[in-house]
Amino acid sequence: HPQQQQQQQQQQQDDDVDQQCTTTNPEEIATAMKSLNRKIMTSFVTLTRVLVHEPKAAREELITLSQLLIRLLEECNRYRDHQARENLILCLEDQLKMKRTMLKALEGDLTEVQEAAEDVARYCS
């Protein structure tokens, strides 16, 4: 029975994915993509079985598979927004680290110049 419960939970998640179309949460999008991938694999196996046993009846399963693939592509496109934001954040963080390092180096150089100017001022007075 635990396996049956797991299958029921998986079916519930798949049904939830069918109803989720507007989320921007990357974790939910990834879950939706996994669920669609499972459905695509199941649909492909079904299509293969239908093609072997009754090829004339394969059109309906082919349409289902096409629709699932289109939905998966839509989810992939929504996930790209998240990836772009993550990449931008990483790039900006790298730039910030580099600028902070350069700022520390400039502050060190400024301190040396100020000390040299003070030495010159003492020497000239």
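Cut-offs applied
Residues numbered from 1 in each chain as written. Predicted model: local features only at pLDDT ≥ 70, side-chain atom pairs only at ≥ 80, totals over all residues. Heavy atoms only, no water. Helix = DSSP H or I, 4+ residues; strand = E, 2+ residues; numbered from the N terminus. Buried < 20%, exposed > 50% of the residue type's maximum accessible area, 1.4 Å probe, protein only. Contact = heavy atoms within 4.5 Å. Areas by Shrake-Rupley, 256 points an atom, 1.4 Å probe, with all protein chains shown as cover. Core = buried A, V, L, I, M, F, W, Y, C linked by side-chain atoms within 4.5 Å. Salt bridge = Lys/Arg side-chain N within 4 Å of Asp/Glu carboxyl O. Patch = residues over 30% accessible without salt bridge, like charges linked within 9 Å, V, L, I, M, F, W, Y side chains within 5 Å. Lys, Arg positive; Asp, Glu negative; His and termini not counted. Charge placed at Lys NZ, Arg CZ, Asp CG, Glu CD. Polar contact = N/O pair within 3.5 Å; in protein donor to acceptor, adjacent residues only side chain to side chain.

**Some details on the overall build of the chain**
(1) Moving on: Counting its secondary structure elements, the chain contains three helices and zero strands.
(2) Moving on: Each helix and strand of the chain, ordered N terminal to C terminal, gives the series α-α-α.
(3) Moving on: Taking all 125 residues of the chain together, the buried fraction comes to 15%.
(4) Moving on: If you take every contact in the chain between residues at least 6 apart in sequence, the share linking residues at least 24 apart comes to 61%.
(5) Moving on: Looking at the chain as shown, the accessible area adds up to about 10,400 Å², and 56% of this sits on carbon and sulfur atoms.

**Some thoughts on the nonpolar core**
(1) Moving on: Core analysis: the largest hydrophobic core is formed by eight residues, namely Leu36, Ile40, Leu47, Val50, Ala58, Leu65, Leu68 and Leu72.
(2) Moving on: Elements that contribute at least two residues to this core include exactly α2 (26–53) and α3 (58–124).

**Description of the pattern of salt bridges**
(1) Moving on: A full pass over the atoms with the stated rule returns two salt bridges.
(2) Moving on: Where Arg78 meets Glu75, a salt bridge forms, and the shortest distance between an N and an O atom there is 2.8 Å. In this pair, Arg78 and Glu75 both sit in helix α3, three residues apart, roughly one turn of the helix.
(3) Moving on: The class for Glu75 is buried, based on a relative accessible area of 8%.

**Looking at a negative patch on the surface**
(1) Moving on: On the surface, a cluster of negative charge is contributed by Asp109, Glu112, Glu115 and Glu118.
(2) Moving on: For Glu115, the location among the structural elements is in helix α3.

**Points about the side chain of Ser43**
(1) Moving on: As for its placement among the helices and strands, Ser43 is situated in helix α2.
(2) Moving on: Polar side-chain contacts of Ser43 include one of 2.6 Å to the side chain of Glu61.
(3) Moving on: Ignoring anything within four residues of it in the chain, the contact list for Ser43 reads Glu61, Thr64, Leu65 and Leu68.

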